[in-house]
Amino acid sequence: KRYADAAEGVGRVRADGPENIAVLADFYHMHVNGDDVAAVIEAEAANFGHIQIADADGRGAPGTGSLPLRQWIDRSFELGYTGSVALEYKQDRATAFDWLDRAAQTA
């Protein structure tokens, strides 16, 4: 499913009263399912309930693939997202957080 499908479902639930529900913006799955992630961020970032990331191809750690994750995360915050960012990627335990060192060096 795409982001719009999830947002539609959340909208139906909210129409029945509950307001404590929002869409999980899983950038990896949005990308592999065919969403234009940058466009969704531009239109919906302030409505994201949570952001989750992995890099593509292969669902690896940030920086191991082709996705501009740092750019997407930064833009989401610029546009009003205020939550956390969760990591869900496949990686060997010994190197699972190597990307943090690289990110600190470029920050």
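Shown above is the structure to which this text applies.
Computed from a predicted model, the values in this text were never measured in an experiment. (Residues numbered from 1 in each chain as written. Predicted model: local features only at pLDDT ≥ 70, side-chain atom pairs only at ≥ 80, totals over all residues. Heavy atoms only, no water.)

Peer 1: Got a minute to help me understand a nonpolar patch on the surface in this structure?
Peer 2: A surface patch of nonpolar side chains, about 280 Å² in accessible area, is lined by Leu87, Phe97 and Leu100. Inspection of the secondary structure puts Leu100 in helix H5 (residues 98-106). (Patch = residues over 30% accessible without salt bridge, like charges linked within 9 Å, V, L, I, M, F, W, Y side chains within 5 Å. Areas by Shrake-Rupley, 256 points an atom, 1.4 Å probe, with all protein chains shown as cover. Salt bridge = Lys/Arg side-chain N within 4 Å of Asp/Glu carboxyl O. Helix = DSSP H or I, 4+ residues; strand = E, 2+ residues; numbered from the N terminus.)

Peer 1: Can you walk me through the layout of surface pockets in this structure?
Peer 2: Taking a probe equal in size to a water molecule and rolling it over the atoms shows the remaining empty space. Estimates place the volume of the largest pocket at around 300 Å³. Taken together, 15 residues form the lining of the largest pocket, with Pro62, Leu69, Arg70, Trp99 and Ala103 sitting closest to its centre. Breaking the lining of the largest pocket down by element, the ones donating at least two residues are helix H4 (69-78), strand S3 (85-87) and H5. Class assignment for the residues of the lining of the largest pocket results in ten nonpolar, two polar and three charged. One number sums up the size of the second largest pocket: a volume of about 170 Å³. The wall of the second largest pocket is formed by Lys1, Arg2, Tyr3, Ala6, Val23, Leu24, Ala25, Asp26, His29, Met30, Asn33 and Asp35. At the level of elements, helix H1 (3-15), strand S1 (23-26) and helix H2 (27-32) are the ones that each hand at least two residues to the lining of the second largest pocket. Considering each element in turn, the lining of the second largest pocket owes the most residues, four residues, to S1. (1 Å grid on protein atoms, 1.4 Å probe; cavity = no way out; pocket = protein on both sides within 12 Å on 5 of 7 lines; lining within 4 Å. Points joined across faces, edges and corners; volume = space filled by probe spheres on them. Nonpolar A, V, L, I, M, F, W, Y, C, P; charged D, E, K, R; others polar.)

Peer 1: How should I be thinking about unusual backbone geometry in this particular structure?
Peer 2: The residue after Ala56, namely Asp57, is reached through a cis peptide bond having omega 5 degrees. Here Arg59, not a glycine, exhibits a phi torsion of approximately 60 degrees, which is positive. Inspection of the secondary structure puts Arg59 in the loop between strand S2 (48-53) and H4.

Peer 1: Would you mind going over the nonpolar core with me for this structure?
Peer 2: Nonpolar side chains in soluble globular proteins tend to be buried together. Core analysis: the biggest nonpolar cluster contains 25 residues, and Phe27, Met30, Ile41, Phe48, Ile51 and Trp72 have the highest contact counts within it. In contact with Phe48, not counting residues within four places along its chain, are Tyr3, Ala22, Val23, Ala25, Phe27, Val40, Ile41, Ser76 and Tyr81. (Core = buried A, V, L, I, M, F, W, Y, C linked by side-chain atoms within 4.5 Å. Buried < 20%, exposed > 50% of the residue type's maximum accessible area, 1.4 Å probe, protein only. Contact = heavy atoms within 4.5 Å.)

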